[in-house]
Amino acid sequence: MSIRSLWFALLLSPTIAIAQPRAADVATKDAIIAALYDVISGPADSARDWPRFHHLMHPTARLQAVTGARTATGLRTFTPQEYAEGTGAQLVQIGFREIEVGRHEILAGRVLHVASAYESTRERPQPGPAGRGVNSIQLLFDGTRWWIVSILWDGSPDASATWPPSWMSKRD
(Lines give C-alpha, C1' and ligand atoms only; values in the text may rest on other atoms or scores of the structure.)
Protein backbone atom coordinates (compact mmCIF):
# COMPACT_ATOMS: atom_id res chain seq x y z
CA MET A 1 0.00 0.00 0.00
CA SER A 2 1.37 3.38 -0.91
CA ILE A 3 1.75 6.22 1.58
CA ARG A 4 -0.97 8.10 -0.24
CA SER A 5 -3.38 5.15 -0.05
CA LEU A 6 -2.62 4.70 3.63
CA TRP A 7 -3.26 8.40 4.27
CA PHE A 8 -6.68 8.25 2.58
CA ALA A 9 -7.57 5.03 4.42
CA LEU A 10 -6.80 6.70 7.73
CA LEU A 11 -8.82 9.77 6.82
CA LEU A 12 -11.84 7.71 5.87
CA SER A 13 -11.71 5.19 8.70
CA PRO A 14 -14.12 5.61 11.60
CA THR A 15 -12.56 7.16 14.66
CA ILE A 16 -13.63 7.71 18.22
CA ALA A 17 -13.50 11.33 19.30
CA ILE A 18 -11.44 11.04 22.47
CA ALA A 19 -9.65 14.19 23.58
CA GLN A 20 -6.06 13.97 24.67
CA PRO A 21 -5.03 15.22 28.09
CA ARG A 22 -5.08 19.00 28.21
CA ALA A 23 -2.57 21.16 30.05
CA ALA A 24 -5.35 23.67 30.71
CA ASP A 25 -7.25 21.02 32.72
CA VAL A 26 -4.59 21.04 35.45
CA ALA A 27 -3.48 24.67 35.34
CA THR A 28 -5.89 25.94 38.02
CA LYS A 29 -7.95 24.50 40.85
CA ASP A 30 -11.17 25.51 39.11
CA ALA A 31 -10.05 23.93 35.83
CA ILE A 32 -9.22 20.56 37.37
CA ILE A 33 -12.56 20.38 39.20
CA ALA A 34 -14.45 21.35 36.03
CA ALA A 35 -12.51 18.74 34.04
CA LEU A 36 -13.33 16.06 36.61
CA TYR A 37 -17.07 16.68 36.32
CA ASP A 38 -16.82 16.99 32.54
CA VAL A 39 -14.97 13.73 32.01
CA ILE A 40 -17.40 11.52 33.96
CA SER A 41 -20.48 13.21 32.45
CA GLY A 42 -22.00 12.62 29.06
CA PRO A 43 -24.94 11.37 27.08
CA ALA A 44 -25.94 7.74 26.85
CA ASP A 45 -23.88 5.70 24.40
CA SER A 46 -21.06 8.26 24.49
CA ALA A 47 -17.64 7.00 25.59
CA ARG A 48 -15.97 8.74 28.49
CA ASP A 49 -12.47 10.13 27.99
CA TRP A 50 -10.53 7.96 30.43
CA PRO A 51 -7.07 9.14 29.27
CA ARG A 52 -8.15 12.67 30.21
CA PHE A 53 -9.48 11.37 33.55
CA HIS A 54 -6.15 9.67 34.32
CA HIS A 55 -4.28 12.88 33.42
CA LEU A 56 -6.06 14.62 36.31
CA MET A 57 -5.05 11.99 38.85
CA HIS A 58 -1.85 11.83 40.87
CA PRO A 59 -0.08 8.48 40.32
CA THR A 60 -1.02 7.46 43.89
CA ALA A 61 -4.62 8.77 43.74
CA ARG A 62 -7.50 6.91 45.36
CA LEU A 63 -11.27 7.24 44.96
CA GLN A 64 -13.59 6.17 47.75
CA ALA A 65 -17.37 5.78 47.87
CA VAL A 66 -19.36 5.66 51.09
CA THR A 67 -21.65 2.62 50.91
CA GLY A 68 -24.47 1.15 52.93
CA ALA A 69 -27.02 2.58 55.32
CA ARG A 70 -26.23 5.00 58.12
CA THR A 71 -26.09 2.17 60.66
CA ALA A 72 -23.88 -0.06 58.48
CA THR A 73 -21.64 2.36 56.66
CA GLY A 74 -18.85 1.01 54.52
CA LEU A 75 -16.18 2.39 52.25
CA ARG A 76 -15.30 1.15 48.79
CA THR A 77 -11.84 2.15 47.54
CA PHE A 78 -10.72 2.32 43.90
CA THR A 79 -7.63 3.26 41.96
CA PRO A 80 -8.53 5.55 39.06
CA GLN A 81 -8.12 2.56 36.72
CA GLU A 82 -10.45 0.39 38.83
CA TYR A 83 -13.03 3.19 38.87
CA ALA A 84 -12.89 3.58 35.08
CA GLU A 85 -13.15 -0.17 34.52
CA GLY A 86 -15.85 -0.68 37.15
CA THR A 87 -18.17 2.23 36.37
CA GLY A 88 -17.34 3.29 32.82
CA ALA A 89 -19.85 1.05 31.08
CA GLN A 90 -22.63 2.02 33.49
CA LEU A 91 -21.99 5.77 33.02
CA VAL A 92 -22.26 5.29 29.25
CA GLN A 93 -25.33 3.06 29.48
CA ILE A 94 -27.42 5.39 31.67
CA GLY A 95 -26.23 8.72 30.25
CA PHE A 96 -24.89 9.97 33.57
CA ARG A 97 -24.20 13.65 34.19
CA GLU A 98 -22.91 15.29 37.35
CA ILE A 99 -22.65 19.02 37.91
CA GLU A 100 -21.15 21.02 40.73
CA VAL A 101 -23.75 23.20 42.45
CA GLY A 102 -21.78 24.47 45.41
CA ARG A 103 -18.32 24.46 46.92
CA HIS A 104 -16.35 25.09 50.10
CA GLU A 105 -12.54 25.25 49.96
CA ILE A 106 -9.77 25.09 52.55
CA LEU A 107 -6.25 25.86 51.32
CA ALA A 108 -3.24 24.89 53.44
CA GLY A 109 0.05 25.48 51.65
CA ARG A 110 0.03 23.39 48.48
CA VAL A 111 -2.91 21.23 49.58
CA LEU A 112 -6.48 22.21 48.79
CA HIS A 113 -9.52 20.47 50.23
CA VAL A 114 -12.68 21.00 48.19
CA ALA A 115 -16.10 20.00 49.48
CA SER A 116 -17.98 20.00 46.19
CA ALA A 117 -21.76 19.69 46.34
CA TYR A 118 -23.18 18.00 43.25
CA GLU A 119 -26.40 16.99 41.56
CA SER A 120 -26.54 14.16 39.06
CA THR A 121 -28.98 13.13 36.36
CA ARG A 122 -29.40 10.17 34.07
CA GLU A 123 -31.08 9.53 30.73
CA ARG A 124 -31.89 5.84 31.29
CA PRO A 125 -33.79 3.81 32.37
CA GLN A 126 -36.00 6.78 33.21
CA PRO A 127 -34.68 10.31 32.62
CA GLY A 128 -34.38 12.55 35.62
CA PRO A 129 -32.49 13.20 38.82
CA ALA A 130 -30.11 10.48 39.94
CA GLY A 131 -29.00 12.04 43.21
CA ARG A 132 -27.24 14.71 45.17
CA GLY A 133 -24.16 14.45 47.28
CA VAL A 134 -20.78 15.80 48.24
CA ASN A 135 -17.43 15.02 46.66
CA SER A 136 -14.61 15.57 49.13
CA ILE A 137 -11.70 16.27 46.80
CA GLN A 138 -8.09 16.68 47.90
CA LEU A 139 -5.83 18.49 45.45
CA LEU A 140 -2.07 19.00 45.42
CA PHE A 141 -0.22 21.78 43.60
CA ASP A 142 3.32 20.65 42.78
CA GLY A 143 4.53 24.04 41.56
CA THR A 144 3.59 23.37 37.96
CA ARG A 145 0.16 21.78 37.97
CA TRP A 146 -2.75 20.61 40.13
CA TRP A 147 -3.27 16.90 40.87
CA ILE A 148 -6.28 15.08 42.27
CA VAL A 149 -4.89 13.05 45.16
CA SER A 150 -8.18 11.64 46.46
CA ILE A 151 -11.92 11.83 46.13
CA LEU A 152 -14.32 10.62 48.81
CA TRP A 153 -18.02 10.85 48.06
CA ASP A 154 -21.30 10.15 49.75
CA GLY A 155 -24.30 10.03 47.46
CA SER A 156 -26.80 9.14 50.19
CA PRO A 157 -29.77 11.41 50.91
CA ASP A 158 -28.11 12.36 54.23
CA ALA A 159 -25.17 13.92 52.37
CA SER A 160 -27.16 16.68 50.72
CA ALA A 161 -29.55 17.27 53.63
CA THR A 162 -26.86 19.09 55.60
CA TRP A 163 -25.37 21.39 52.95
CA PRO A 164 -24.67 24.80 54.47
CA PRO A 165 -26.42 27.59 52.52
CA SER A 166 -23.00 29.18 51.82
CA TRP A 167 -22.04 26.18 49.65
CA MET A 168 -24.69 27.08 47.15
CA SER A 169 -22.81 30.21 46.14
CA LYS A 170 -20.33 27.80 44.51
CA ARG A 171 -17.28 29.61 45.88
CA ASP A 172 -16.32 30.63 49.40
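Residues numbered from 1 in each chain as written. Predicted model: local features only at pLDDT ≥ 70, side-chain atom pairs only at ≥ 80, totals over all residues. Heavy atoms only, no water.

Draft legend 1. Structural context of the overall build of the protein. The number of helices and strands found in the protein is five helices and six strands. Helices and strands in the protein line up, N terminus first, as α-α-α-β-β-α-β-β-β-β-α. In the protein, buried positions account for 37% of the 172 residues. (Helix = DSSP H or I, 4+ residues; strand = E, 2+ residues; numbered from the N terminus. Buried < 20%, exposed > 50% of the residue type's maximum accessible area, 1.4 Å probe, protein only.)

Draft legend 2. Structural context of the pattern of salt bridges. According to the stated counting rule, one finds 10 salt bridges in the structure shown. Here Asp-30 makes a salt bridge to Arg-103, at a shortest N to O gap of 2.6 Å. Remark: Arg-103 occurs in strand β3 (residues 97-108) and Asp-30 occurs in helix α2 (residues 29-40); sequence separation between them is 73 residues. A salt bridge links Arg-132 to Glu-119; its shortest N-O distance comes to 3.6 Å. (Salt bridge = Lys/Arg side-chain N within 4 Å of Asp/Glu carboxyl O.)

Draft legend 3. Molecular detail of the packing of aromatic side chains. Taken as a whole, this structure holds seven aromatic pairs when the rule is applied. Between Phe-78 and Trp-153, the ring centres sit 6.3 Å apart and the planes meet at 10°, which makes this aromatic pair stacked. Placement of Phe-78 in strand β2 (residues 74-78) and of Trp-153 in strand β6 (residues 146-154) is noted, with a sequence separation of 75 residues between them. We classify Trp-153 as buried; its relative accessible area is 17%. (Phe/Tyr/Trp six-rings, centres within 6.5 Å; stacked < 30°, edge-to-face > 60°.)

Draft legend 4. Local environment of unusual backbone geometry. Residue Pro-125 is reached from Arg-124 by a cis peptide bond, and omega for that bond is 0°. Summarising the element assignment, Pro-125 is placed in the loop between β4 (111-122) and β5 (128-141). Although it is not a glycine, Asp-45 adopts a positive phi angle of roughly 65°. Here Asp-45 lies in the loop between α2 and α3 (50-56).

Draft legend 5. The arrangement of the side chain of Ser-150 in detail. Mapping Ser-150 onto the fold places it in strand β6. A distance of 2.5 Å separates the side chain of Ser-150 from the side chain of Gln-138, its partner in a polar contact. Among all residues touching Ser-150, those that are not within four sequence positions of it are Arg-62, Ser-136, Ile-137 and Gln-138. (Polar contact = N/O pair within 3.5 Å; in protein donor to acceptor, adjacent residues only side chain to side chain. Contact = heavy atoms within 4.5 Å.)

Draft legend 6. A look at the pairing of β5. Relative to β5, β4 is paired through 12 bridges, and the arrangement is antiparallel. Bridging from a neighbouring strand, Val-114 pairs with Ile-137 of β5. Linkage of β4 to β5, two consecutive antiparallel strands, is achieved through a turn of five residues. Across eight bridges, β5 lies against β6 in antiparallel orientation. (Pairing = 2+ DSSP bridges.)

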